[in-house]
Amino acid sequence: MSANRIVSSARALIAGAFLLCAGGGALAQTAQGARHPDTEPAIPRFVVLPPLHPEARFSGSGLPLWNFTWTYQGRNYNGQMVGTTPSGGASTTVPSFIIPIALKVGGKTFTTSTIQSNGQSALADAINSPIFQAGINFVEAGVSLGNTQYIDAFQRGAFWGTVQSNQGYHLLLGQPTVLPLQTITVPKRQGKVGTEFGVQVALVNINFIDAQIASILAANPQITGASVPVFMTYNTYLTQNGCCIGGYHSANGSQSYMQYSYIGTPGAFAQDVSALSHEMGEWADDPLTNNTNTPCGIYEVGDPLENTANYGDYPYVLNGNFTYNLQDMAWPPYFGAPPATSLANRSTFQGTALSVCQNGS
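Attention in this report is confined to the structure presented alongside it. Since we're looking at a predicted model, the values are computed, not measured. (Residues numbered from 1 in each chain as written. Predicted model: local features only at pLDDT ≥ 70, side-chain atom pairs only at ≥ 80, totals over all residues. Heavy atoms only, no water.)

1. Things to note about the overall build of the protein chain
Phase 1: For the protein chain, the helix and strand inventory stands at six helices and 22 strands.
Phase 2: Within the protein chain, the fraction of its 361 residues that count as buried is 56%.
Phase 3: Put simply, 68% of the contacts in the protein chain that link residues at least 6 apart link residues at least 24 apart. (Helix = DSSP H or I, 4+ residues; strand = E, 2+ residues; numbered from the N terminus. Buried < 20%, exposed > 50% of the residue type's maximum accessible area, 1.4 Å probe, protein only. Contact = heavy atoms within 4.5 Å.)

Pasting the structure below:
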């Protein structure tokens, strides 16, 4: 099984083909060149959704966690991350679930069973993506981080100063257990059909979706705190004081979880598994949604890159038949850790040059 990263000098051209506009009456352009007005100002973003009951904070029940500590400008910082300490050289595999969701909105159905350009459904593409499958030799700064999953390569590079002499360290996701499709009818007051970034999408209130997720979790006791459940929607942006949220992660009681949308139009915000890579990276480094003890505020690794060219996405081909877009994410030096913590003293996986907290958290 082999894969080659696309030489992505064309990223700027892809990014340039899409107009990202935040003002009212903005226009977005599709890959075919047709221009459509945005239903709401199309602002690409991700969020962390705090628990409804802060006193019932996530206990981390069964989920392996380790403490990362560092010093910046004479002050000590710390946070909990998924897995075991890189210095131990151990490999951790976290069981995963995918819960596909079909949304019925305004007389239309947006479903993860929609067929993509390679003849596979969006759901199948997610399962076969570099988030859950090895097959790409991730080489950065001339160093192989492993023929592995993307989040594992990201974490290995983030702590390469330690991992290079403790090569057994890995953070892997188990092959996902896919639960039956969940069909949700969205009331008019909670959602509508719109056009954002040139794509016809469902626009659904994030709090409505989160309440549905809570019900699904309660009905599926096989999903435990030791696992990571992924709630997947298709051609959907969530709304919260405006559009457009590509995904979020949260933790409540004994369970961490995430939601992301697979946007089926290449080049659009949250295309294919871009939002999944973002949320999975942030779950790995902020599983309890409370790693706020950093110079930047919360330790959210995807947010500092989401507004860069092409929304921070880099294209990779896996198994030769589909181009996946994985978002660049921040490494510990971005949050004030010593530069030598990460591979080549980088502050991001792709080597984007950012100073400490340059783009916030």
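There's plenty left to go through after this.
2. Points about unusual backbone geometry
Phase 1: The peptide bond linking C243 to C244 adopts the cis configuration, its omega dihedral lying at 15 degrees.
Phase 2: Mapped onto the secondary structure, C244 falls in the loop between β18 (236-239) and β19 (245-252).
Phase 3: Positive phi is not limited to glycine here, since N310 has a value of about 55 degrees.
Phase 4: Take N310: it is sitting in the loop between α6 (274-285) and β21 (313-318).
Phase 5: Located in the positive-phi region is Y311, a residue other than glycine, with phi close to 60 degrees.
Phase 6: Structurally, the position occupied by Y311 is in the loop between α6 and β21.

3. Looking at the nonpolar core
Phase 1: Within the largest apolar cluster, 74 residues are counted, with the highest numbers of intra-cluster contacts made by F138, Y237, Y260, L276, M280, W283 and F349.
Phase 2: Residues in contact with F349, not counting those within four places in the same chain, are F138, E140, L145, Y150, A153, F154, Y316, D328, M329 and W331.
Phase 3: In terms of nonpolar packing, the next biggest core, distinct from the first, is built from 25 residues, I101, I184, I209 and I245 among them. (Core = buried A, V, L, I, M, F, W, Y, C linked by side-chain atoms within 4.5 Å.)

4. Remarks on α6
Phase 1: The terminal C-alpha atoms of α6, which comprises 12 residues, lie 17 Å apart, in line with the 16 Å expected from a rise of 1.5 Å per residue.
Phase 2: The buried count for α6 comes to 12 of 12 residues, which makes it a mostly enclosed element.
Phase 3: Within α6, burial applies to S274, A275, L276, S277, H278, E279, M280, G281, E282, W283, A284 and D285. (Expected span 1.5 Å × (residues − 1).)

5. Structural notes on the packing of aromatic side chains
Phase 1: In total, this model carries 25 aromatic pairs according to the counting rule given.
Phase 2: Plain terms: the ring middles of F197 and Y237 are 5.5 Å apart, the flat faces sit at 65 degrees to each other, and that makes the pair edge-to-face. With F197 in the loop between β15 (191-196) and β16 (199-205) and Y237 in strand β18, this pair connects stretches of sequence that are 40 residues apart.
Phase 3: Judged by its relative accessible area of 2%, F197 is buried. (Phe/Tyr/Trp six-rings, centres within 6.5 Å; stacked < 30°, edge-to-face > 60°.)

6. Details of helix α5 (residues 206-218)
Phase 1: Between its first and last C-alpha atoms α5 spans 18 Å; for 13 residues at 1.5 Å apiece the expected length is 18 Å, and the two agree.
Phase 2: Taken residue by residue, α5 has I206, F208, I209, D210, I213, I216 and L217 as its buried positions.
Phase 3: N-capping of α5 is provided by N205, with a side-chain oxygen placed 2.8 Å from the backbone N of N207. (Polar contact = N/O pair within 3.5 Å; in protein donor to acceptor, adjacent residues only side chain to side chain.)

7. Focus: the layout of surface pockets
Phase 1: In this model, the second largest pocket occupies a volume close to 210 Å³.
Phase 2: Residue lining of the second largest pocket: 10 residues in total, with D210, A214, L217, N252 and Y257 positioned closest to the centre.
Phase 3: Residue assignment for the lining of the second largest pocket shows that the elements contributing at least two residues are α5 and β20 (255-262).
Phase 4: Top element by residues in the lining of the second largest pocket is α5. It accounts for six residues.
Phase 5: Of the residues assigned to the lining of the second largest pocket, the class counts are six nonpolar, three polar and one charged. (1 Å grid on protein atoms, 1.4 Å probe; cavity = no way out; pocket = protein on both sides within 12 Å on 5 of 7 lines; lining within 4 Å. Points joined across faces, edges and corners; volume = space filled by probe spheres on them. Nonpolar A, V, L, I, M, F, W, Y, C, P; charged D, E, K, R; others polar.)

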